[in-house]
Amino acid sequence: MTAPPDTAPTDAELLTASVRDGDRFTAVYDRYYANIHRYVAGRLGPQAADDVVADTFLAAFRSRAAFDPSRGSVRPWLFGIATNLIAQHRRTETRRYQALAQVGVDRHPGGHDDRVAASVSAERLQPSLARALAALSAKDRDVVLLKALAQLTHEEIADVLGIPYGTVGSRLNRARKRLRAALPACTEGL
Amino acid sequence: MDELQMIATMLDEPPTPETETAVRHRLLKGMREPERPARRAWRRPALWSGFGLTATAAAVTATVVLSSGTTPRAPDPGRGPAATQPMSATTVLLTAAGHAEAAPATGKYWHVLRVQSRAFHNERGGYWMLGRQLIGQWSRPDGRSWTGYRGLGAVPMTAKDAPAFRRDGSPDPAPISPRFTKDTGTKTFLVCDREMTFKQVQALPADPGELRGALKRAIPRNHPTAGRTADEVVKNCVTDLLSFVPAPPKVRAGAYRMLATMPGVTAMGEVTDERGRKGFGLHVQVRRGVADTVIIDPDSSFVLSTSRTAPDVPGKVEKVLYLRAGWTDSDPRIPTLP
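Residues numbered from 1 in each chain as written. Chains lettered and ligands numbered in written order. Predicted model: local features only at pLDDT ≥ 70, side-chain atom pairs only at ≥ 80, totals over all residues.

Chemist: Sorry, what's going on with the overall build of chain A here?
Modeler: A tally of helices and strands in chain A yields ten helices and zero strands. When the helices and strands of chain A are listed from N to C terminus, the series reads α-α-α-α-α-α-α-α-α-α. Of all 190 residues assigned to chain A, the portion counted as buried reaches 42%. Contacts in chain A between residues at least 24 apart in sequence constitute 63% of all its contacts with a sequence separation of at least 6. (Helix = DSSP H or I, 4+ residues; strand = E, 2+ residues; numbered from the N terminus. Buried ≥ 20, exposed ≤ 12 C-beta atoms within 10 Å, placed from the backbone. Contact = placed C-beta atoms within 7 Å.)

Below you can see the structure in the form of structure tokens.
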């Protein structure tokens, strides 16, 4: 499949071309490396991320012949593979949120700085936020992080997780309510 | 700043050039890896290909014997009068289910011997070929498993591909030297790409409806080749259960009964495979563009061969010919073609 001369090939065209010519797959990688890495590293931390990101693209490479463009686009397909692989590292993910909860506390012992009270920064809220994130159900957390880190649309998230569109909205609302509830009251209206 | 932005800020780990280089290196290395046997013994045949080459399917020729247990059956045991009648898929599957229930289940090792063929496309020469491996697997109920591999070389896909293939020096797209590996894990039985212990395999439900649910739950969510609907997922992996996992006879019977009720499963009638083995062909439309041809021996209830077509791949993407499947007392070794 060849794109018109002046047009960049679509993702699906690249993937189709890569079935016959494996080299072409690196173009898919170039397009999505940064996005997938941000998502995976955000959830698992930079150390574990390298392996999982490489495995995501390798799994995609190996199953590229089975990709069916009529069923959805390449982006959610890749995030779906990444999400599955992340699910196999749940302990790493939990440890990361626990560590983030710790860091915040150390950084602001007691909150002696007068300015802290006045400018409640996202960083200061980090411990509560990290704890709340860790406390979400795996299903809700998938939706939250596909939104926050990967910035997928509701449709794409539905596609990634294989759930109805409406369920994405209800999970996201429920999760955001919980996250907000876990933050200190003074952050209202931020 | 809303809580989603706060989360994005908190979790942000910008990629470094070093990281990108390391990941790219790993990906390229993985893509270049030639046809290597799967590390795990019971991996479901997956869609894959070599670097710059594309997988398709194979035809293998040699008379083979499907045995259940240690005593090989005669190559063509002769089929009952029923076999000469036109049969519906349902009838055949239910017949196979009945025979599955009566199959013996004793021996030291669960053993499967198969020829796995994957077609490769040579972009430069513009021809298709089939890379073939003989894979023997022995597994103990405690999970320990041994796998022996032997490369069988490549053959041109069709007569049309033969001249270019020979001009190119009859290359083997995925050469392996004979090797023997041991896996000491306990979860060495793969059902729908979920690693199971022998006990878990034995505990699979025999009721067709419950089995369908169990298979649905087994396959990892959003598995890249799983299919989107429950039916697709189940159809994608039910032949695993029938072809190379030591599921109890009752469960195998349940799997056949389940298959008999599923949409997209149609009878091809009596077929003879490339090696002259008679069996019954089933066409299983796994999902749009992906279809399996499963040839079963209704008399023994075992699967003789499976082959898969996939979009954008002319011919078959993969084919597995089962030479033996059953319990045996003979010890693991690097197999030779019987």
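We are not done yet, so read on.
Chemist: Sorry if this is basic, but what is going on with the overall build of chain B here?
Modeler: When you go through chain B residue by residue, the secondary structure sums to eight helices and eleven strands. Out of the 338 residues belonging to chain B, those deemed buried represent 48%. By sequence separation, contacts in chain B at least 24 residues apart represent 67% of the contacts at least 6 residues apart.

Chemist: Please clarify how helix α4 (residues 74–87) of chain A should be interpreted in this entry.
Modeler: Since the α-helix advances by 3.6 residues per turn, residues separated by three or four positions end up pointing in the same direction. Taking 1.5 Å as the rise per residue, α4(A) with 14 residues should run 20 Å; its terminal C-alpha atoms sit 20 Å apart, in good agreement. All of the buried residues in α4(A) are V74(A), P76(A), W77(A), L78(A), F79(A), G80(A), I81(A), A82(A), T83(A) and I86(A). (Expected span 1.5 Å × (residues − 1).)

Chemist: Which parts of the structure should I look at to understand the packing of helix α3 (residues 46–62) of chain A against helix α2 (residues 17–32) of chain B?
Modeler: When two helices pack together, their arrangement is given by the angle between the helix axes and by the axis-to-axis distance. Relative orientation of the contacting elements α3(A) and α2(B) amounts to 35 degrees, with a least axis distance of 9 Å. Here the hand of the crossing between α3(A) and α2(B) comes out right-handed. Where α3(A) abuts α2(B), its residues P46(A), D50(A), V53(A), A54(A), F57(A), L58(A) and F61(A) lie against T19(B), A22(B), V23(B), R26(B), L27(B), G30(B) and M31(B). The residue makeup of the contact of α3(A) with α2(B), split by class, is ten nonpolar, two polar and two charged. (Axes fitted to C-alpha atoms, helices over the stretch in contact; angles between N-to-C directions. Left-handed = near helix turned anticlockwise from the far one by under 90°. Nonpolar A, V, L, I, M, F, W, Y, C, P; charged D, E, K, R; others polar.)

Chemist: Even after reading the chapter, I still don't get the sheet that holds strand β4 (residues 179–183) of chain B, so can you show me in this structure?
Modeler: Either a parallel or an antiparallel arrangement is found when strands of a sheet pair, and the pairing is made through backbone hydrogen bonds. Residue and element names in this part refer to chain B. An order of β4-β3-β2-β1-β11-β10-β9-β8-β7 is seen for the nine strands of this open sheet, with the pairing classed as antiparallel. The two strands at the open ends of the sheet, each matched to only one other strand, are β4 and β7 (265–272). Averaged over all neighbouring strand pairs, the angle between strand axes comes to 20 degrees, with direction disregarded. Pairing of strand β3 (residues 145–156) with β4, which is carried by five bridges, proceeds in the antiparallel orientation. Counted as the bridge partner of W146 is K182 from β4. (Pairing = 2+ DSSP bridges.)

Chemist: Explanation requested: the pairing of β3(B) in the structure shown.
Modeler: The side chains of a regular strand alternate, first on one face of the sheet and then on the other. All names here are of chain B. Both strand β2 (residues 127–139) and β3 contribute to a ladder of eleven bridges, which runs antiparallel. Looking across to β3, one finds that Q137 is bridged to T147. Here β2 folds back onto β3 in antiparallel fashion, the turn holding five residues, of which G143 has a positive phi close to 105 degrees.

Chemist: Sorry if this is basic, but what is going on with the pairing of strand β1 (residues 109–122) of chain B here?
Modeler: Residue and element names in this part refer to chain B. Of all 14 residues in β1, 13 are buried; the element is thus mostly enclosed. Inspection of the sheet shows β1 paired to strand β11 (residues 318–328) by nine bridges, in the antiparallel sense. Pairing of R114 across the sheet is with Y322, part of β11. Sheet topology places β1 next to β2; 13 bridges connect them, and they run antiparallel.

Chemist: Can you help me understand the confidence of the model for chain B in this one?
Modeler: Segments scoring low in pLDDT should not have their predicted coordinates read at a detailed level. Residue and element names in this part refer to chain B. Averaged over every residue, the pLDDT of chain B is 74; the share at 70 or more is 76%. Taken as a whole, residues 34–86 scores under 50 in pLDDT and shows 158 contacts with residues more than four places along the chain or in a different chain. With a pTM of 0.53, the predicted complex shows an ipTM of 0.84. (pLDDT = per-residue confidence, 0-100.)

Chemist: Would you explain the packing of helix α7 (residues 126–135) of chain A against helix α1 (residues 3–11) of chain B in this entry?
Modeler: Relative to each other, α7(A) and α1(B) sit at 100 degrees, their axes nearing to 11 Å. The orientation of α7(A) relative to α1(B) falls into the category roughly perpendicular. Packed against α7(A), whose contacting residues are Q126(A), L129(A), A130(A) and L133(A), the element α1(B) presents M6(B), I7(B) and M10(B) at the interface. Of the residues belonging to the contact of α7(A) with α1(B), the class tally is six nonpolar, one polar and no charged. (Parallel < 35°, antiparallel > 145°, perpendicular 65-115°, else oblique.)

Chemist: Honestly, the confidence of the model for chain A in this entry has me stumped. Any pointers?
Modeler: All names here are of chain A. Summary statistics for chain A give a mean pLDDT of 80 and a share of 81% for residues scoring 70 or more. No element of chain A has a lower mean pLDDT than helix α6 (residues 114–118), which averages 39, and none a higher one than helix α8 (residues 138–148), which averages 95. Counted against residues more than four places away or in other chains, residues 104–120, with its pLDDT under 50, gives 13 contacts. Low pLDDT, under 50, characterises residues 186–190; the stretch is placed with four contacts to residues that sit more than four places away or in other chains.

Chemist: For this particular structure, what's the right way to read the environment of A255(B)?
Modeler: Mapping A255(B) onto the fold places it in helix α8 (residues 249–260). Considering only alpha carbons, one finds A255(B) and V238(B), 17 residues apart in sequence, at a separation of 6.9 Å.

Chemist: Help me understand helix α6 (residues 208–218) of chain B, please; the structure alone is not making it clear to me.
Modeler: Residue and element names in this part refer to chain B. Among all positions in α6, only L211, R212, A214, L215 and A218 are buried. Mapping the buried residues of α6 onto a view down its axis gives an arc of 165 degrees, with all of them on the same face. Exposed positions of α6 whose direction lies more than 90 degrees from the buried face are G209 and R217. (Arc of directions from axis to C-beta.)

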